[in-house]
Amino acid sequence: GGRDIYMIITSIKNRYDPSSNTSISGAYRDLCVCVEVGWTIDETSQGCTFVQVKDWDRTAGLRKHICEIQVLLEEMQGIKKMLHKEYVN
């Protein structure tokens, strides 16, 4: 059977790659996958319905968004929180 595809990968950053320069990020490493999704909103119920990629061109009222999925080791989460606090302050 066929597969239903609801997202397109738009970019991948692999900071686990040994050639990745982590000197400016405190040795932080992760894998970031950006995906584009499309959906419609029912004006009456305000419900959201995801639309298959193959139907994007012919779907009235289609809305799209790019989402970032981050894959990281638990140990990296602690480093990330510390680095983000320094960045925000």
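Our structure's up above, just so we're on the same page.
The shown structure was predicted, so the numbers you read here are calculated from the model rather than taken from an experiment.

Turning our eyes to something else, we now look at the overall build of the protein. Across its full length, the protein carries one helix and four strands. Sequence-ordered secondary structure for the protein, helices as α and strands as β, is β-β-β-β-α. In the protein, which comprises 89 residues, the proportion classed as buried is 19%. The long-range fraction of contacts in the protein, counting pairs at least 24 apart against all pairs at least 6 apart in sequence, stands at 58%. About 7000 Å² of surface is accessible on the protein, with carbon and sulfur atoms providing 55% of the total.

Further remarks concern the pattern of salt bridges. In this structure the tally under the stated criterion is three salt bridges. Asp30 is the partner of Arg15 in a salt bridge, and the nearest nitrogen-oxygen pair spans 2.7 Å. Taken together, the residues span a long stretch of sequence, with Arg15 in the loop between strand 1 (7-14) and strand 2 (31-41) and Asp30 in the loop between strand 1 and strand 2 at a distance of 15 residues. Relative accessible area serves as the criterion here: at 26%, Arg15 is assigned to the partly exposed category. Judged by relative accessible area, Asp30 falls into the buried class, the value being 1%.

Structurally, the position occupied by Gln77 is in helix 1 (residues 74-88). Among the residues examined, Gln77 registers a relative accessible area of 31% and is labelled partly exposed. C-alpha separation for the pair Gln77 and Asp30, spaced 47 residues apart in sequence, amounts to 9.4 Å.

Reading the values: the criteria
Residues numbered from 1 in each chain as written. Predicted model: local features only at pLDDT ≥ 70, side-chain atom pairs only at ≥ 80, totals over all residues. Heavy atoms only, no water. Helix = DSSP H or I, 4+ residues; strand = E, 2+ residues; numbered from the N terminus. Buried < 20%, exposed > 50% of the residue type's maximum accessible area, 1.4 Å probe, protein only. Contact = heavy atoms within 4.5 Å. Areas by Shrake-Rupley, 256 points an atom, 1.4 Å probe, with all protein chains shown as cover. Salt bridge = Lys/Arg side-chain N within 4 Å of Asp/Glu carboxyl O.

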